[in-house]
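The primary structure of each chain is shown beneath.
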Amino acid sequence: MNISSAIFDCSAPDLDSCPDESLPEFAFVGRSNVGKSSLLNLLSGKLDLARVSPTPGFTKLINIFTVNRTWRLVDLPGYGFAAGARKAKFKFNHAVDDYLQHRTNLSCVFALLDSGLSPQEIDVKFVAWLTRNSVPFVLVFTKTDKATPATVQANIAAFTARISGWFEKLPVIFTCSAMAKQGREELLGVIDETMTAIQAESGPAQPDALTPPEDLATTGQQVSPRMARKNRPDLVRPW
Ligand code: GDP
């Protein structure tokens, strides 16, 4: 994929402040220091997204960019440990929680993990949370240049062993290194393929596409964002 434009949209403090849901969104999230800013810079090439994003202090906000006028890149604040929690209990702010659970045009989350580390409880818990909430995601192991290939493979294997019992089919796994400029094409390929699948699924305009199924209409239930999510392509739903 060639990125010809990336325009900063906004820093949203909550879900209601996010732009309309007209474009597919791809969100990047991970623990602080996982290499997210470096990866976003690698993906955006010379456009240097992290630099155009509003400066430090805005890291608790949802930073949104429109790329190639056709999709949005969403830079989510990292998660951390719950204050005072005795055990590793992952926590992120309410806005991110809300965004991940209710944003109907969220097409795929890129969950970033440090390939140089053995499975971190907090990351396992975050992936468990994504899985429990049916958020479509892929796993991206970062900084592969930092450890030996054997260590990277061992860490990936250990992480997948931790989560494999939750899935019939494991989530798709990628590796990248911002330093070695590796993984860009593969990650942009996920976005490309998802966009193609979304376009193929949406097909010709359906005037009554938003009409709720009859059984819901008669019971007076509303179609929730979660149900609308069922229209997401299977491609990015690894379970
Ligand atoms: P963020 O906090 O997740 O946005 O992480 P940053 O992108 O700021 O990176 C955190 C640290 O990891 C910085 O010192 C980066 O230079 C370093 N880093 C990021 N990506 C890579 C990588 O691919 N390889 C190596 N060796 N270091 C990296």
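Computed from a predicted structure; not experimentally measured.

The rules we used
- Residues numbered from 1 in each chain as written.
- Predicted model: local features only at pLDDT ≥ 70, side-chain atom pairs only at ≥ 80, totals over all residues.
- Heavy atoms only, no water.
- Pairing = 2+ DSSP bridges.
- Helix = DSSP H or I, 4+ residues; strand = E, 2+ residues; numbered from the N terminus.
- Axes fitted to C-alpha atoms, helices over the stretch in contact; angles between N-to-C directions.
- Contact = heavy atoms within 4.5 Å.
- Buried < 20%, exposed > 50% of the residue type's maximum accessible area, 1.4 Å probe, protein only.
- Core = buried A, V, L, I, M, F, W, Y, C linked by side-chain atoms within 4.5 Å.
- Near = heavy atom within 4 Å.
- Polar contact = N/O pair within 3.5 Å; in protein donor to acceptor, adjacent residues only side chain to side chain.
- Areas by Shrake-Rupley, 256 points an atom, 1.4 Å probe, with all protein chains shown as cover.
- Nonpolar A, V, L, I, M, F, W, Y, C, P; charged D, E, K, R; others polar.
- Parallel < 35°, antiparallel > 145°, perpendicular 65-115°, else oblique.
- Left-handed = near helix turned anticlockwise from the far one by under 90°.
- Expected span 1.5 Å × (residues − 1).

Chemist: Before we go on, may I ask you to explain the sheet that holds strand β2 (residues 25–30) in this structure?
Modeler: Backbone hydrogen bonds hold the strands of a sheet together, and the pairing may be parallel or antiparallel. If you walk across this open sheet you meet the seven strands as β1-β3-β4-β2-β7-β8-β9, and the pairing is mixed. Since the sheet does not close on itself, it has two edges, and those belong to β1 (6–12) and β9 (173–175), each with one partner. In this sheet, adjacent strand axes meet at a mean angle of 25 degrees when their direction is disregarded. Here six bridges tie β1 to strand β3 (residues 62–67), and the two strands are oriented antiparallel to one another. Note on β3: the bridge partner recorded for Ile 7 is Thr 66. Against the sheet, helix α6 (residues 184–202) touches β2, β4 (71–75), β7 (106–114), β8 (137–142) and β9, its axis set at about 165 degrees to β7.

Chemist: Explain the environment of Ile 163 to me, please; I cannot follow it from the model alone.
Modeler: In this structure, Ile 163 sits in helix α5 (residues 149–163). Residue Ile 163 is classed as buried on the basis of its relative accessible area, which comes to 0%. For the pair Ile 163 and Thr 131, spaced 32 residues apart in sequence, the C-alpha separation works out to 9.7 Å. With residues up to four places along the chain from it excluded, the contact list for Ile 163 reads Val 127, Leu 139, Leu 170 and Pro 171.

Chemist: Help me understand the nonpolar core in this model?
Modeler: The tendency in soluble globular proteins is for nonpolar side chains to be buried side by side. Membership of the largest hydrophobic core comes to 35 residues, with the highest contact counts inside it found for Ile 62, Leu 76, Tyr 99, Leu 100, Val 109, Leu 130 and Leu 139. Listed by contribution, the elements that provide at least two residues to this core are β1, β2, β3, α3 (94–102), β7, α4 (121–132), β8 and α5.

Chemist: Could you clarify how one ought to interpret the site of the ligand in this entry?
Modeler: Neighbouring the ligand are 14 residues, the closest being Asn 33, Ser 37, Ser 38, Asp 145 and Ala 178. At a separation of 2.8 Å, an oxygen atom of the ligand approaches a polar backbone atom of Asn 33. In this structure, Ala 178 approaches the ligand through a main-chain N or O atom, which is 2.8 Å from an oxygen atom. When the free accessible area of the ligand is taken as 570 Å², the share hidden by the protein chains comes to 70%. Grouping the constituent residues of the shell around the ligand by class yields three nonpolar, six polar and five charged.

Chemist: Please clarify how the packing of α4 against α5 should be interpreted in this entry.
Modeler: Any two packed helices are characterised by how steeply their axes cross, that is the angle between the axes, and by the distance between the axes. Where α4 contacts α5, the two axes come as close as 11 Å, and the packing angle between them is 45 degrees. Taken as axis vectors, α4 and α5 run oblique relative to one another. α4 and α5 meet at a crossing whose hand is right-handed. Every residue of α5 that contacts α4 at Glu 121, Asp 123, Val 124 and Val 127 is listed here: Phe 159, Arg 162 and Ile 163. A class-by-class count of the residues in the contact of α4 with α5 yields four nonpolar, no polar and three charged.

Chemist: In this structure, what is going on with α6? I would like to understand it.
Modeler: Quick reminder: α-helices carry 3.6 residues per turn. Residues three or four places apart thus point the same way. Taking 1.5 Å as the rise per residue, α6 with 19 residues should run 27 Å; its terminal C-alpha atoms sit 27 Å apart, in good agreement. Regarding α6, the residues found buried are Arg 184, Leu 187, Leu 188, Gly 189, Val 190, Ile 191, Thr 194 and Met 195. Looking at the buried positions of α6, the neighbouring elements they touch are β2, α1 (36–44), β4, β7, β8 and β9. Of the residues trailing α6, Gly 203 is marked for its positive phi of about 50 degrees.

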